Amino acid sequence: MFRKRLKHAHRYQEIINAFLKNGFGYFIYRLGLSESKAGWKLPDENLNLRSNGERLHTILQSLGPTFIKLGQIASTRRDFVPDEIVRELEKLQDQVTPFPFDRVRKIVEAELGDSLENIFLEFNETPLATASIGQVHTARLPSQEVVAIKVQRPDILPTVETDLEILDDLARLMEARISWARRYQIRKMIDEFAKSLRAELDYNSEGRNGERIAKQFIDDQGFKVPRIHWEFSTKRVLTMDFIQGIKINHYKQLDDEGYDRRQIAERLANSMLHQILIDGFYHGDPHPGNIIILPGNVVALMDFGMVGRLEEETKYQFASLVINLKRGSTNGLIKTLSDMGLLTDEIDMAPLRGDIDELRNKYYDIPLSQISLGGAVNDLFTVANRHQVQIPPEFTMLGKALLTMEAIVEGLDPNFSIMKAAEPFGEKLFKERYNPKNIAKNVWNQFIESAEAIAELPKDIREVTGIIKKGKLRLDINIPELQVFLHKLDQISNRLSFSIILLAFSIIMVGLIIGSAIGGETLILWKIPVIEIGFVVATLMFLLMLYTIFRSGKM
């Protein structure tokens, strides 16, 4: 780690200075990156008037694309990021200046292997849009088609890789020094973020994502995804159909031009719910800048750098959470969380159940039109966070996408209910799950897996036998509670022995005494006073047993 810090010393200092400048010196000190507490005080009195969220927004915005993306991802983690900070992180935007056209020319020509003049009939030098990772220009192909070309920012890859290495180091320090960072496995989150960002830097991956979503709606005339022109695309240059229309949140313009906002809301909601609950592959960032409305109320989605994925079981679990929340079933919610493997032994179930009961009461018997699907999901995540239940990352991105989509739909038509729209998709999902054909298919797959395991069993046994013959097998059984258990067992057995002996002694002595009393004589056998001697012997045995038990220390 020291080598990395030395290698990236300048960038480390920029990051440390950004935190110190905005009053987060205590954070730098706790990570061990500063030996002085001088930075704990805010350097500017005006910063006292700004919230932690606003100051964190300023830090991430100033540190560039990697940290802006990190903030945007963090804004989806309502399960552990406070609402005040989430609201500020949601405002993070790629506020960057465009890079010069001569750099655009150099990148495009190097990637496509020819001059711009030979490749395109026209190429607009003024960028249509600019972001931290790249910028978009319009051009005309030899086929006369107008296209939008996304060009990656020069030298961004080494910058991002440097930042990702630093973030991994910072996450390691946080887990070593801060308990909540260990609890939420911050380093694992940074690793997932790094994979996502690297995928976003690969325009081939973005193009494939777009094509996959386009296939979901190949027969739907009310939905459109720009077509990718692969012969003019690489990892750093992405060429697609140019789509020109009205941004979905320009409500007045939609009204002025006679669009049907109700139909647009319905199409957007249905398209997102289909992506999530049917195909399990959806647009992860459906903000207004990525949605354009075309004539005929056609909804066009763009920019597929961030996508969400849900496996079959995860789709069912998500639907189960929502349905049980609506039905007011605390047991159903807890069972689903348990089936997801989220309820560990460390979680105190009584207070968790109490908080879920309160959440259930909030949504039980409320009309669907009054329930926010994204809000309900995030309420559940908040309860989970309170009890240290770690929600899977795919669910947190899903909650963010739903909230973003719902905000747009509410602006289009305040009376449109996402929950009502989701009902048929949920029903279809459950019907498919419990369809006899699908059940039989799942049983068959499990049978095949079991058969494969059984087929491998002889081989595994031979391997274990070989290890045993070579004397290399070491069996190490460590049961921390075993000694306590054995100690208790000794106590029980000794007490039982003591009770039996004492009972036997009492019975014998009582019998002898009664017999002697009835006969009116002392019992003498072969001139030996049996009662007296028996009493002495039994008493000695009794005392010996007590001594043995007490000496063992296990009475």
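The structure displayed is predicted, hence computed values, not measured ones.

Analysis parameters
Residues numbered from 1 in each chain as written. Predicted model: local features only at pLDDT ≥ 70, side-chain atom pairs only at ≥ 80, totals over all residues. Heavy atoms only, no water. Helix = DSSP H or I, 4+ residues; strand = E, 2+ residues; numbered from the N terminus. Contact = heavy atoms within 4.5 Å. Areas by Shrake-Rupley, 256 points an atom, 1.4 Å probe, with all protein chains shown as cover. Phe/Tyr/Trp six-rings, centres within 6.5 Å; stacked < 30°, edge-to-face > 60°. Lys NZ or Arg CZ within 6 Å of the ring centre and 35° of its normal. Pairing = 2+ DSSP bridges. Salt bridge = Lys/Arg side-chain N within 4 Å of Asp/Glu carboxyl O. Buried < 20%, exposed > 50% of the residue type's maximum accessible area, 1.4 Å probe, protein only. Axes fitted to C-alpha atoms, helices over the stretch in contact; angles between N-to-C directions. Parallel < 35°, antiparallel > 145°, perpendicular 65-115°, else oblique. Left-handed = near helix turned anticlockwise from the far one by under 90°. Nonpolar A, V, L, I, M, F, W, Y, C, P; charged D, E, K, R; others polar. Core = buried A, V, L, I, M, F, W, Y, C linked by side-chain atoms within 4.5 Å.

Undergrad: Break down the overall build of the protein chain for me, with residues and values.
TA: Counting secondary structure elements, the protein chain contains 23 helices and 13 strands. Within the protein chain, contacts between residues at least 6 apart in sequence are counted, and of these 66% link residues at least 24 apart. For the protein chain, the exposed area adds up to about 31,400 Å²; of that, 55% sits on carbon and sulfur atoms.

Undergrad: Explain the packing of aromatic side chains to me, using residue names and the numbers behind them.
TA: Using the criterion set out here, one finds 7 aromatic pairs in the structure. Geometrically, the ring pair formed by Phe-101 and Phe-123 is tilted, given 5.9 Å between the ring centres and 50 degrees between the ring planes. Note that Phe-101 is positioned in helix H7 (residues 101–112) and Phe-123 in strand E1 (residues 122–123), a separation of 22 residues in sequence. Feature note: the residues Phe-19, Phe-24, Tyr-26 and Phe-27 constitute an aromatic cluster, connected by ring pairs. Across the ring face of Tyr-203, the terminal group of Lys-150 is positioned such that the distance to the ring centre comes to 5.6 Å.

Undergrad: I'd love a proper account of the sheet that holds strand E10 (residues 298–301), names of residues and values included.
TA: Ordered in space as E5-E10-E9-E7, the 4 strands form an open sheet in which the pairing is mixed. Across the chains shown, the open sheet's two edge strands, defined by having one partner strand only, are strand E5 (223–224) and strand E7 (246–247). Bridge analysis of E5 against E10 gives 2 bridges, and the strand direction is parallel. Bridging across to E10, Lys-224 finds its partner in Ala-300.

Undergrad: Can you lay out the pattern of salt bridges for me, pointing to particular residues and giving the numbers?
TA: In a structure, side chains of opposite charge can pair up when their charged atoms sit close to one another. Taken as a whole, this structure holds 21 salt bridges when the rule is applied. A salt bridge links Arg-11 to Glu-14; the shortest N-O distance between them is 2.8 Å. One end of the pair, Arg-11, and the other, Glu-14, are both in helix H2 (residues 9–21), 3 residues apart, so they sit about a helical turn from each other. A salt bridge links Arg-187 to Asp-168; its shortest N-O distance comes to 3.1 Å. In this pair, Arg-187 is assigned in helix H11 (residues 186–200) and Asp-168 in helix H9 (residues 156–177), connecting sequence segments 19 residues apart. Classification of Arg-187 as partly exposed rests on a relative accessible area of 32%. Among the ionic contacts, a cluster of salt bridges with common partners joins Arg-11, Glu-14 and Asp-163.

Undergrad: I'd like to hear about the side chain of Arg-153, residue by residue, with values.
TA: As for its position among the elements, Arg-153 is in the loop between strand E4 (146–152) and H9. Ignoring any residue separated from it by four or fewer positions in sequence, one finds Arg-153 in contact with Val-96, Thr-97, Pro-98, Phe-99, Thr-130, Ala-131, Ser-132, Ile-133, Gly-134, Gln-135 and Arg-236.

Undergrad: Tell me what's going on with the packing of helix H16 (residues 330–339) against helix H17 (residues 349–363), and back it up with residues and numbers.
TA: Between H16 and H17, whose axes approach to 9 Å, the crossing angle comes to 125 degrees. When the axis of H16 is compared with that of H17, the two are oblique. Pair H16 / H17 crosses with right-handed handedness. Facing H16, whose interface residues are Thr-330, Asn-331, Leu-333, Ile-334 and Leu-337, H17 presents Met-349, Arg-353, Ile-356, Asp-357 and Arg-360.

Undergrad: Can you explain the packing of helix H14 (residues 261–279) against helix H19 (residues 393–412)? Please cite residues and give values.
TA: Where H14 meets H19, the axes come as close as 9 Å, and the angle between the chain directions of the two elements is 170 degrees. Here H14 is positioned roughly antiparallel relative to H19, judged by the angle of their axes. Every pair of crossing elements has a handedness; the one defined by H14 and H19 is left-handed. Every residue of H19 that contacts H14 at Arg-261, Ile-264, Ala-265, Leu-268, Ala-269, Met-272 and Ile-276 is listed here: Leu-398, Ala-401, Leu-402, Met-405, Ile-408, Val-409, Gly-411 and Leu-412. Across the contact of H14 with H19, the residue classes break down as 13 nonpolar, 1 polar and 1 charged.

Undergrad: How would you sum up the pairing of strand E6 (residues 237–241)? Please name residues and give values.
TA: For E6, a buried count of 5 out of 5 residues is recorded, marking the element as mostly surrounded by other parts of the structure. Both E4 and E6 contribute to a ladder of 5 bridges, which runs antiparallel. When the sheet's bridge partners are listed, Ile-149 is paired in E6 with Thr-239.

Undergrad: Tell me about the nonpolar core, residues and numbers included.
TA: Core analysis: the largest hydrophobic core is formed by 117 residues, its most contacted members being Ile-186 and Leu-268. Not counting the four nearest positions on each side in its chain, Leu-268 is found in contact with Ile-248, Ile-291, Val-299, Met-405, Ile-408 and Val-409. Core analysis: the next-biggest nonpolar cluster, separate from the first, contains 16 residues, Phe-120, Val-147, Val-151 and Phe-232 among them.

Take it as geometry only, folks, not as evidence of what the structure does.
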